[in-house]
Amino acid sequence: MPLPSPPPGATTKEATAAPPPDYEAHYTLGVAYKNMGLYEEAKEEFQVSMNSESFYLDSAPMTAVCLKEGHHIDSPFVGSRQPWLIHGVRGPCFHPV
């Protein structure tokens, strides 16, 4: 038995796209969490704001600071074996120790 079709003008979950996150709000919240010593929560916010071209260069090192200050000394640059290539700009080369 086939499912009935939706009424005209109705939208499905697939058809409605979620708006992009407010990257500035995530970055600012990350800074606030970091200043309160909530490093795991701050790291999560910075990882969201890293998806923005405007906030990537600020969010990436803040994530590393959170890992360092949260005593995750071994993991700030895990997985970044390649030099950072950010939107056509070559940054410093960071490798795991």
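Residues numbered from 1 in each chain as written. Predicted model: local features only at pLDDT ≥ 70, side-chain atom pairs only at ≥ 80, totals over all residues. Heavy atoms only, no water.

## Thoughts on the overall build of the protein
Then, in step 1: Helix and strand counts for the protein stand at 3 helices and 2 strands.
Then, in step 2: Across the protein, helices and strands are ordered from the amino to the carboxyl terminus as α-α-α-β-β.
Then, in step 3: At a minimum sequence separation of 6, the contacts of the protein that also span at least 24 residues come to 36%.
Then, in step 4: For the protein, the exposed surface amounts to about 7,400 Å²; the carbon and sulfur share of it is 59%. (Helix = DSSP H or I, 4+ residues; strand = E, 2+ residues; numbered from the N terminus. Contact = heavy atoms within 4.5 Å. Areas by Shrake-Rupley, 256 points an atom, 1.4 Å probe, with all protein chains shown as cover.)

## Some remarks on the side chain of Ser52
Then, in step 1: Summarising the element assignment, Ser52 is placed in the loop between α2 (39-49) and α3 (56-69).
Then, in step 2: One polar contact links the side chain of Ser52 to the main-chain amide nitrogen of Ser54, over a distance of 3.2 Å. (Polar contact = N/O pair within 3.5 Å; in protein donor to acceptor, adjacent residues only side chain to side chain.)

## Some points on the nonpolar core
Then, in step 1: One finds Tyr27, Ala42, Phe46, Phe55, Met62 and Cys66 forming the largest nonpolar core, which totals 6 residues.
Then, in step 2: At the level of secondary structure, the elements contributing two or more residues to this core comprise α2 and α3. (Core = buried A, V, L, I, M, F, W, Y, C linked by side-chain atoms within 4.5 Å. Buried < 20%, exposed > 50% of the residue type's maximum accessible area, 1.4 Å probe, protein only.)

## A closer look at helix α1 (residues 23-35)
Then, in step 1: Along its 13 residues, α1 runs 18 Å from first to last C-alpha, staying within 8% of the 18 Å computed at 1.5 Å per residue.
Then, in step 2: All of the buried residues in α1 are Tyr27, Gly30 and Lys34. For α1, the arc enclosing every buried residue in end-on projection is 60°, short of the 170-degree limit, so these residues lie on one face.
Then, in step 3: Downstream of α1 by a residue or two, Gly37 has a phi angle that is positive, lying close to 85°. (Expected span 1.5 Å × (residues − 1). Arc of directions from axis to C-beta.)

## Remarks on the packing of aromatic side chains
Then, in step 1: Per the stated rule, a full pass over the model turns up 2 aromatic pairs.
Then, in step 2: Judged by centre distance (5.5 Å) and plane angle (55°), the rings of Tyr27 and Phe46 are tilted. Residue Tyr27 is found in helix α1, and its partner Phe46 is found in helix α2; the two are separated by 19 residues along the sequence.
Then, in step 3: Look at Tyr27 and you get buried, because its relative accessible area is 18%.
Then, in step 4: By way of ring pairs, the aromatic residues Tyr27, Phe46 and Phe55 are connected into one cluster. (Phe/Tyr/Trp six-rings, centres within 6.5 Å; stacked < 30°, edge-to-face > 60°.)

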